Amino acid sequence: MPAKPSFKTLVVSSAVLSLGSIASAMASDDYSDGVVRIGVLTDMSGIYTDLSGEAAVEAVRMAVEDFGGEVNGVPIEVIYGDHRNRADTGASRAREWYNNDGVDMINDLSNSGVALAVAAVADEQQRHAIVNSSSNIGLTNDYCSPYVTHYTYDAYSLAQGTGQSIVEDGGDTWFFLTVDFAFGIGLEEQVSEVVRDAGGQVVGAARHPLDTTDFSSYALQAQASGAEIIGIASTGADAINAINALAEFGVTPDQRPAALLLWYDDIVSLGLDTAQGLLLTNAFYWDANDETREFSQRFYERTGRMPNMAHAGNYSSTIHYLNAVEAAGTDAPDAVSEQMRELEINDFFASGGYIRDNGRMVHDQYLWEVKSPDESEYDYDFLRLVTTIPGEDAFQPLDESTCHLLNGN
Amino acid sequence: MDILGIPLQALLGQLMLGIVNGSFYAVLSLGLAIIFGVLKIVNFAHGAFFMLGAFTAFLLAQYMGLDYWVTLIVAPLLVAAFGMLFEFLFLRRLYGLDPIYGLLLTFSLVLVLEGGFRVAFGSSGQPFATPEQLRGTINLGFMILPLYRGFVIVSALLLCLVTWFIIERTSLGASLRAATERSELTQAFGINVPRLITLTYGVGVGLAAFAGVLAAPIFHVNPSMGSSLVIIIFAVVVIGGLGSIMGAIVTGLGLGVVEGFTRVFYSEFSSTIVFLVMVLVLLLRPAGLFGREEG
Amino acid sequence: MRTLSYTGLALLALALLAVPFVPQLVYSVFVMKTLCFVLFACAFNLLLGHTGILSFGHAAFFGTGAYVTGQLVKAYGVPTDLGILAGGLVAAALGALIGALAIRRSGIYLAMITLALSQLVYFFFLQAPFTGAEDGLQRIPRGTFLGVIDLRSDTALYYVVLGIVAAGLWLVWRTVNSPFGNVLRAIREHEPRAISLGYPVARYKVLVFTISAGLAGIAGSLKAIVFQLAALYDVHWHTSGDVILMTLLGGMNTVFGPAVGAALVSALNHYMDPFGAWVTVITGLVFMTCVLTFRQGVVGELGQWLRSRRASPSAPRARPRSPAQQQ
């Protein structure tokens, strides 16, 4: 067991000092019902179970254990729930947790409809929610809240990461295969903007319904477009089917697919044969350095799988939240919010990460390339780092955010 | 030559791909139509059996090292056996009741199967390699077709024709049709009707599983791969005309083509078009395109 | 028997009124959600159980109610009460339209027409810019009821929802136990006879379709206000399937059986989180057991049991009726 992250004792800001008198009191009535309770609201039984699911609960439990199981002498408790990918179920569970069960913070929140709904409840109930496995950029714009943190990645960072890097690399004509959902269309628009700003050209797009299995028609359309890059703006089974069809119909090597939201798990299920050479932006990869390997090894021993960026984000954000509670000396949401934005995040997941006023956690993103089967030397050896995108470039500039919490809005 | 701004050559290519996609629909809707014809039950688990076929093939290849060609035969047989067991133990208790109960039971089976596979193998799916002999492409003049897609058309249509032949042209098929129309009379002739029904369910389920194995190398193998299929397939059967074997096959192919062209002209609508077609057909030709009008 | 059921009803009413005061026992928002589905299922059963029409597209009405109310209240500042009313009316109009098309066929064909049309409705809401597609129509303000009751309080909202759902259920009960309801039953039992008796059967069917859709729409509207969101799942065919399931589990040959079914399904969804990934499998097994063992639904079987206790113990078990059997 490693010691608690060391930085939390290092960072002493003015805000901590002003709250110091409260913190030193450490009275348990500074903590709602004497417990700091974290709820992991995730998809336990549906299509996103591999992206977050039970392993997400385990990641949060690990964080709590590593933190020592208590904060300022107050015990920490982890509970979990299944939102079934339905916004109403998620909102109802969140409401019950905040109102009845004394939950102080809800973590994970896969599925953007659920994330938005829970963010609304969190804002209204003035309790914390940390979104790790959804990409919806509305969370730090129109739907921002002082109690909602968007931690791991978002649609903007995906567009910046993959789009920008590819255009810089010379891939400047694009064709999009987009899932006809708000998420896909948003991602397509975001990347198109990046491409055009960099002097590239978008030659066309095909929008397919969710759960399309046969992408051969789209592969032909992509071929006919003559674009150098086929941007795949979908995720999960849709993205995998699209990549398979592109490979089958031989769009490479003149044309190259670029997956805009591909998860580590998707590469596992594609297999390196098909996935090799794909570019993807992910905030975390288990094999990046000694620290990530150490965490991933422990995670693997508990869950039987390697962590993806959502799992790592769940862990890191839980530690950060607990650090903020410790520094604030209370779990009162406003004080914790202030500390969360004050403290810097330095761990295996992020270095020099910080949370902006609109709730965006800013940290470096990474562009990876999938290795070929020959290059892969051991189990789970899938990715090679192409480039690091500094946090400031990866995320939406504050002056573009429509968040009402920012000055001037 | 262009049609609506699309080169003729590209349209021919799309037609070809539509037929490939339609081959899957044909095999699936054939199975569903047979089951509905004899059992009078909407087999809501049809998509789940499709998934089960693909997964069984994956497991046979992964853990027993079986060749793709062997799994193409063995996996549908295993799934058919499972289906027959399900029919024998549970489904047959619901015969003679409102068909809605059969629908509900098969729907429950979907939950059990999909949920079970998600617990066991996760939600994100498994890689499945195209068999060695079928990698590569053929040049058709107007398009480059991956060899495997060509194989899909040939094997699917062959299977459909064989099934059609057995039902419409052999004595086994004759007793089956007799059992459908006059169950008790057929029984009186010494034919074991319950066994025939079990067999029919097995054949229908086996066809779905075969489509699943066929799909495994090109579509993503995951627990929910069949979940949105069943209502589309059932729409195909209704459009073709309930009880019409040929109707199911032809409509399956036709729908594949219609869907393919929709993907070119109004892609967003491509998964909905089948329902528009169904409304129109049912309002204009109540018994479906190939069904007999019943008094 | 009659006094027994009245006592039961009174106890139930009392329990429902007490819900906001026992937050640790049962959560009022969960009960509100259940109430919405109770109304939805009972409205649906006007068609399935009482007229013998299987609609496989009722999500279209439920979801339309939710979206119409949500959009009116959120974007146009329409008062919540009027918004709910509008949701119900638009859903009813849609019901009249879909019903008029669907009843030209019967049995499985009718079901397929409703499914197909509801898929077109789904497509419309997926494409319409105001719905936010899979993100849903979020942050619908709860507003006030009749200009005086502040619905931001869960307790106030709870009593409003309870009141509206009770009124809706009363309407269902009145419809069933009226001359109109008798004609519906006649249609279910033997449609040709109803026609030969001179009843305008088609008009009756469209009318019951309209009432059913309108109430389903109100249920959707209420859910949109309770959760402050309307989502694609509300118009998805899965929701059409859910309501069939609830109705069958509760018992389609009873007036309030579907209510019990709705409560059962909601509870299954709500209290099974500890089972993690197994929840889908367990739900499937529960449904399977229900279909195979108590086919008349919970309420149907209970009534059967009560009756058989009073009658001779060897009374033959009635088989469930088969409304959708005429194809």
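Here the structure is a predicted model, which is why all the values come from computation and not from measurement. (Residues numbered from 1 in each chain as written. Chains lettered and ligands numbered in written order. Predicted model: local features only at pLDDT ≥ 70, side-chain atom pairs only at ≥ 80, totals over all residues.)

Attention now goes to the overall build of chain B. Scanning chain B from N- to C-terminus turns up 11 helices and four strands. Taken over C-alpha atoms, the radius of gyration comes to 19 Å for chain B, in line with the 19 Å a tight globule of 295 residues would show. Once the C-alpha set of chain B is aligned to its principal axes, its extents read approximately 60 × 50 × 35 Å. Counting every position in chain B, which comprises 295 residues, the buried fraction comes to 57%. For chain B, restricting intrachain contacts to residue pairs at least 6 apart in sequence, the fraction spanning at least 24 positions comes to 76%. (Helix = DSSP H or I, 4+ residues; strand = E, 2+ residues; numbered from the N terminus. Rg over C-alpha atoms; globule rule 2.2 N^0.38 Å. Buried ≥ 20, exposed ≤ 12 C-beta atoms within 10 Å, placed from the backbone. Contact = placed C-beta atoms within 7 Å.)

Scanning chain C from N- to C-terminus turns up 13 helices and two strands. Taking 20 Å as the expected radius of gyration for a compact globule of 327 residues, we find that chain C reaches 20 Å, a close match to that expectation. By principal-axis analysis of the C-alpha atoms, chain C measures approximately 60 × 45 × 40 Å. Considering chain C as a whole, with its 327 residues, one finds that 54% of them fall into the buried category.

The next subject is the domain arrangement of chain B. Residues and elements named next belong to chain B. Along its sequence, chain B is organised into domain 1 (45–123 + 147–224) and domain 2 (228–288). Spacing between the C-alpha centres of domain 1 and domain 2 amounts to 21 Å. In terms of residues, the side of domain 1 that touches domain 2 owes the most to one element, helix α5 (residues 147–169), which gives four residues. (Domains from an automatic or database assignment.)

Residues and elements named next belong to chain A. As summarised here, the arrangement of the three strands in space is β11-β14-β15, forming an open sheet in which the pairing is antiparallel. A single partner strand is all that each edge strand has here, and the edge strands are β11 (279–282) and β15 (383–389). Across the sheet, the mean angle separating the axes of adjacent strands is 30 degrees when strand polarity is ignored. On the sheet, helix α6 (residues 155–168) packs against β11, β14 (365–370) and β15 and is oriented at approximately 145 degrees with respect to β11. (Pairing = 2+ DSSP bridges. Axes fitted to C-alpha atoms, helices over the stretch in contact; angles between N-to-C directions.)

Another point: the interface of chain C and chain B. The parts lose accessible area when they come together, and the size of an interface is often stated as this lost area. Opposite the 35 residues of chain C that make contact, chain B presents 32 residues. For the side of chain C that touches chain B, the secondary structure elements donating two or more residues are α5 (107–127), α10 (237–250) and α12 (279–293) of chain C. The greatest single-element share of the side of chain C that touches chain B, amounting to 10 residues, is contributed by α5(C). For the side of chain C that touches chain B, the per-class residue count stands at 24 nonpolar, eight polar and three charged. (Nonpolar A, V, L, I, M, F, W, Y, C, P; charged D, E, K, R; others polar.)

Turning next to the interface of chain C and chain A. Contacts between chain C and chain A engage 25 residues on the former and 25 residues on the latter. It is helix α2 (residues 28–51) of chain C that provides the largest number of residues to the side of chain C that touches chain A, a total of three residues. Grouping the amino acids of the side of chain C that touches chain A by side-chain chemistry returns 11 nonpolar, eight polar and six charged.

To continue, consider the pairing of strand β8 (residues 201–208) of chain A. Residue and element names in this part refer to chain A. Bridging between strand β7 (residues 173–179) and β8 involves seven bridges; their strand directions are parallel. From the neighbouring strand, threonine 173 faces β8, where its bridge partner is glutamine 201. In the classification by handedness, the crossover that spans β7, the intervening helix α7 (residues 182–197) and the parallel β8 is right-handed. (Right-handed = clockwise from strand over helix to strand, strands pointing away.)

On to the packing of α2(C) against α10(C), then. All names here are of chain C. Two elements in contact, α2 and α10, have axes separated by 9 Å at closest approach and are oriented at 80 degrees. The angle between the axes of α2 and α10 places the two elements in the roughly perpendicular class. Along the contact surface, α2 presents Phe37, Phe40, Ala41, Phe44, Asn45, Leu48 and Gly49, while α10 presents Val243, Met246, Thr247 and Gly250. Among the residues making up the contact of α2 with α10, the classes are represented as seven nonpolar, four polar and no charged. (Parallel < 35°, antiparallel > 145°, perpendicular 65-115°, else oblique.)

What follows concerns the UniProt feature "transmembrane region" (unreviewed entry) in chain C. All names here are of chain C. Under the present numbering, the feature "transmembrane region" (unreviewed entry) in UniProt falls on residues 82–101, 108–125, 156–173, 206–231, 243–268 and 275–294. End C-alpha to end C-alpha, residues 82–101 measures 29 Å, and it is 100% helix and 0% strand. Secondary structure content for residues 108–125 is 100% helix and 0% strand, and the end C-alpha separation is 26 Å. (UniProt positions renumbered as here; feature names shortened; annotations may be inferred.)

This part covers the confidence of the model for chain B. Across chain B, the average pLDDT comes to 92, with 99% of residues at 70 or higher. No element of chain B has a lower mean pLDDT than strand β1 (residues 2–3) of chain B, which averages 72, and none a higher one than helix α3 (residues 68–89) of chain B, which averages 97. (pLDDT = per-residue confidence, 0-100.)

The next subject is the environment of Thr56(B). Residue and element names in this part refer to chain B. Note that threonine 56 resides in helix α2 (residues 46–64). Separated by 18 residues in the primary sequence, threonine 56 and valine 74 place their C-alpha atoms 8.9 Å from one another. Discounting chain neighbours no more than four positions away, the residues touching threonine 56 are Ala75, Leu78, Val79 and Ala209.

A separate point is the nonpolar core. In terms of nonpolar packing, the biggest core is built from 349 residues, with Val118(A), Ala235(B), Met278(B) and Phe40(C) touching the most fellow members. Beyond its immediate sequence surroundings of up to four residues, Ala235(B) is in contact with Val274(B), Phe275(B), Met278(B), Met112(C) and Ala116(C). (Core = buried A, V, L, I, M, F, W, Y, C linked by C-beta atoms within 7 Å.)

With that out of the way, let us pick up helix α12 (residues 290–303) of chain A. All names here are of chain A. For α12, with 14 residues, the first-to-last C-alpha span of 20 Å sits near the 20 Å given by 1.5 Å per residue. Residues Phe295, Ser296 and Phe299 constitute the buried set of α12. Viewed along the axis of α12, the buried residues span an arc of 95 degrees, placing them on a single side of the element. Within α12, the exposed residues directed more than 90 degrees away from the buried face are Asp290, Glu294, Gln297 and Glu301. Following α12 by one or two positions, glycine 304 adopts a phi angle in the positive range, close to 75 degrees. (Expected span 1.5 Å × (residues − 1). Arc of directions from axis to C-beta.)

Okay, the sheet that holds β7(A) next. Residue and element names in this part refer to chain A. Pairing in this open sheet of four strands is parallel, and the strands run β8-β7-β9-β10 from one edge to the other. Strand pairing shows two members of the sheet lacking a second neighbour, β8 and β10 (256–259), which therefore form its edges. Across the sheet, the mean angle from the axis of one strand to that of its neighbour is 20 degrees, orientation sign disregarded. Its contacts with the sheet put α7 on β7, β8 and β9 (229–233), and the angle it makes with β7 is roughly 170 degrees.

Attention shifts here to the environment of Pro131(B). All names here are of chain B. One can find proline 131 in the loop between α4 (99–121) and β3 (137–139). We classify proline 131 as partly exposed; it has 16 C-beta atoms within 10 Å. Sequence-wise, proline 131 and tyrosine 68 are 63 residues apart; in three dimensions their C-alpha atoms are separated by 6.3 Å. Contact partners of proline 131, with chain neighbours within four places excluded, come to Tyr68 and Trp69.

Glycine aside, residues mostly have negative phi angles, and peptide bonds mostly take the trans form. Despite not being glycine, Leu109(A) has its phi angle at roughly 60 degrees, a positive value. The phi dihedral of Ala133(C) is positive, around 40 degrees, even though this residue is not glycine. Among the secondary structure elements, Ala133(C) is positioned in the loop between α5 and β1 (144–145). Judged by the 24 C-beta atoms lying within 10 Å of it, Ala133(C) is buried.

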